[in-house]
Amino acid sequence: MKQFKVGLIGAGGVTELHLGGYKDHQERVNIHAICDLNVEALNARADQYGIPNRFTNLTDFIENSGVDVAIVCTPTSIRKQVVFPLLDAGIPLFVEKPFSDTLQDAVEITEKAAQLGIPVSVNQNFRRHYPFEVVKQIVREQTIGKVTAINFNNQFFRQDTGWRLQCERHALSVMGIHWFDGFRQILGSEAVSVASLMTSSSAVQCAGETDATVQLQFENGTIVTYVQSFSSPVRRTDMIVIGETGTLLCNHTSVQLFRRGDEQPSQTWENRVSREVATFEGLNHLLVSIETGAEAPNSSRDNLKTVAILDAAYTSAKEQRIVKLNQGVLV
């Protein structure tokens, strides 16, 4: 396989996820350069992973790094300012989630990339880290019949630091972007309506929401109820997928099948994919796309439909109404 010279834009905490995932795949990924305004953070990360080329200026990085691909790990508040010059330079991009703060920004980035013919993919690593791919296959095989409802609960206590504290969009932007994408993958269908309520707990220091409830309806008729909390000392992450002939109980590491009358699961599937492994797989989708010319499954164009759900949830909570979508476009 071809080895690609890869550069990182950003040296913050999330780069640990990327570098940890790539270190065992040097035949495919050569971390050639890194760029960050913070010299201390830049050198610490570069020293830790032996990255030879270091830049504190994006223009210098673009002109002198010689990379084949750039991985964008900057805050979403400056996403376009970073992404647009990279696209203008013809550099394919692997962008950390959330793709952007708003659907409008995501559309602008995707349209610019399409005009220039530059592939862009998004790190939706929970497609594999959480067993969405496993459930997708089970549903596709009609193991539980038609899916009528999904109930998803994700609650824990999370106190962020740094730039996230000032973001008007918080809990759903951090975690909901994973779950919305996962619902789309399982159902092979797109959302048509979104209703959301949000609140912010004084237990967590942040500008945005800490707790939210979202209800989604999909084109195929499935109803999804999703509850998110960053303010709960009780940790819980589970998904119940209800089909006409069976129900799946899911957590990060397993999927259990229950039939009517079962006291114990009749079948269990394991899921032991780390976020690091899933992140490498996501980057490799982009690399294969570069080699073949085929659109990657995690392309920015596909991710627009996930960002549209996120945008609709915030619009619904703000305007206190149900928001309609048509193929990922807000109506």
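These figures come from a predicted structure and were not determined experimentally. (Residues numbered from 1 in each chain as written. Predicted model: local features only at pLDDT ≥ 70, side-chain atom pairs only at ≥ 80, totals over all residues. Heavy atoms only, no water.)

**Some details on the pairing of strand E1 (residues 4–9)**
Where a strand is regular, its side chains alternate between the two sheet faces.
Item 1. With 5 of 6 residues buried, E1 lies mostly within the body of the structure.
Item 2. Alignment of E1 against strand E2 (residues 29–35), held across 6 bridges, turns out to be parallel. Bridge pairing in E2 links Val6 to Ile31.
Item 3. Regarding the hand of the β-α-β motif, the stretch spanning E1, helix H1 (residues 14–22) and E2 is right-handed. (Buried < 20%, exposed > 50% of the residue type's maximum accessible area, 1.4 Å probe, protein only. Helix = DSSP H or I, 4+ residues; strand = E, 2+ residues; numbered from the N terminus. Pairing = 2+ DSSP bridges. Right-handed = clockwise from strand over helix to strand, strands pointing away.)

**Focus on the nonpolar core**
Item 1. With 72 residues, the main nonpolar core has Phe61, Leu86, Leu93, Phe180, Phe183, Met239 and Leu248 as its most contacted residues.
Item 2. The dominant element in this core, judged by the number of residues it contributes, is helix H8 (residues 171–187), at 10 residues.
Item 3. Excluding anything up to four places from it in sequence, Phe183 contacts Phe132, Ile150, Phe152, Leu216, Phe218, Val224, Tyr226 and Met239.
Item 4. By size, the runner-up hydrophobic cluster in this structure holds 20 residues, among which are Leu8, Ala11, Ala46 and Phe94. (Core = buried A, V, L, I, M, F, W, Y, C linked by side-chain atoms within 4.5 Å. Contact = heavy atoms within 4.5 Å.)

**A short note on unusual backbone geometry**
Item 1. Put simply, Lys97 and Pro98 share a cis peptide bond, and its omega is -10°.
Item 2. Checked against the element boundaries, Pro98 lands in the loop between strand E5 (93–95) and helix H5 (103–116).
Item 3. For Gln142, which is not glycine, the phi torsion reads 65° and is therefore positive.
Item 4. Structurally, Gln142 can be placed in the loop between helix H7 (132–140) and strand E7 (147–157).
Item 5. Classification of Gln142 by relative accessible area gives exposed; the value is 53%.
Item 6. In the Ramachandran plot, Gln320 falls in the positive-phi region, its phi being about 55° despite a non-glycine side chain.
Item 7. Take Gln320: it is sitting in the loop between helix H10 (300–319) and strand E15 (323–326).

**A look at the sheet that holds strand E13 (residues 254–258)**
Item 1. One open sheet accounts for 10 strands, arranged E14-E13-E12-E11-E7-E10-E9-E8-E15-E16; its pairing is mixed. Strand pairing shows two members of the sheet lacking a second neighbour, strand E14 (267–270) and strand E16 (329–330), which therefore form its edges.
Item 2. Bridging between strand E9 (residues 211–218) and strand E10 (residues 223–229) involves 7 bridges; their strand directions are antiparallel. Bridge assignment links Leu216 to a residue of E10, and that residue is Val224.
Item 3. In this fold H8 packs onto E7, strand E8 (191–199), E9, E10 and strand E11 (231–243), with an angle of close to 155° to the strand it touches most, E10. (Axes fitted to C-alpha atoms, helices over the stretch in contact; angles between N-to-C directions.)

**Details of the packing of H5 against H10**
Item 1. Running from N to C, H5 and H10 point in directions that differ by 170°, and their axes come no closer than 9 Å. By the angle between their directions, the pair H5 and H10 is classed as roughly antiparallel. On the side of H5, the interface is formed by Leu103, Ala106, Val107 and Thr110, while H10 contributes Ser300, Arg301, Leu304, Val307, Ala308 and Asp311.
Item 2. Each residue belonging to the contact of H5 with H10 can be placed in one class, and the counts come to 6 nonpolar, 2 polar and 2 charged. (Parallel < 35°, antiparallel > 145°, perpendicular 65-115°, else oblique. Nonpolar A, V, L, I, M, F, W, Y, C, P; charged D, E, K, R; others polar.)

**A short note on the pattern of salt bridges**
Item 1. Inspection of the entire model under this criterion finds 18 salt bridges.
Item 2. With a shortest N-O distance of 2.7 Å, Asp47 and Arg54 are connected by a salt bridge.
Item 3. Since its relative accessible area comes to 34%, Arg54 is described here as partly exposed.
Item 4. Sharing partners across several salt bridges, the network here consists of Arg127, Asp181, Arg184, Glu190 and Asp302. (Salt bridge = Lys/Arg side-chain N within 4 Å of Asp/Glu carboxyl O.)

**Topic: the sheet that holds E1**
Pairing between the strands of a sheet is mediated by backbone hydrogen bonds and can be parallel or antiparallel.
Item 1. The strand order E3-E2-E1-E4-E5-E6 describes an open sheet built from 6 strands, whose pairing is parallel. Edge positions in the open sheet fall to strand E3 (53–55) and strand E6 (120–122), since each of these has one partner strand only. Taken over all neighbouring pairs, the strand axes of this sheet differ in orientation by 25° on average, direction set aside.
Item 2. Strand direction decides the pairing type here: E5 and E6, joined by 3 bridges, are parallel. Bridging across to E6, Phe94 finds its partner in Ser121.

**Section: the environment of Trp269**
Item 1. Position of Trp269 relative to the elements: it lies in strand E14.
Item 2. Measuring from C-alpha to C-alpha, the distance between Trp269 and Asn326 comes to 34 Å, with 57 residues separating the pair along the chain.
Item 3. When sequence neighbours within four positions are dropped, the list of residues in contact with Trp269 reads Val134, Ile138, Leu248, Thr253, Ser254, Val255 and Leu257.

**Here we look at the side chain of Arg28**
Item 1. Within the secondary structure, Arg28 is located in the loop between H1 and E2.
Item 2. Residue classification places Arg28 among the buried positions, given a relative accessible area of 2%.
Item 3. In this structure the side chain of Arg28 is engaged in a polar contact, spanning 2.8 Å, whose partner is the side chain of Asn284.
Item 4. Within the structure, Arg28 has its side chain in polar contact with the side chain of Glu291 (distance 2.8 Å).
Item 5. Those residues within four positions of Arg28 in sequence are excluded, and the remaining contacts are Met1, Lys2, Gln3, Phe4, Phe280, Asn284, Leu287, Val288 and Glu291. (Polar contact = N/O pair within 3.5 Å; in protein donor to acceptor, adjacent residues only side chain to side chain.)

**Side note on the packing of H7 against H8**
Helix-helix packing is characterised by the crossing angle of the two axes and by the distance between the axes.
Item 1. Between H7 and H8, whose axes approach to 8 Å, the crossing angle comes to 25°. Taken together, H7 and H8 sit at an angle that is classed as roughly parallel. Considering the relative orientation of H7 and H8, their crossing is right-handed. Seen from H7, the contacting residues are Phe132, Val135, Lys136 and Val139; seen from H8, they are His178, Trp179, Gly182, Phe183, Gln185 and Ile186.
Item 2. When its residues are assigned to classes, the contact of H7 with H8 shows 6 nonpolar, 3 polar and 1 charged. (Left-handed = near helix turned anticlockwise from the far one by under 90°.)

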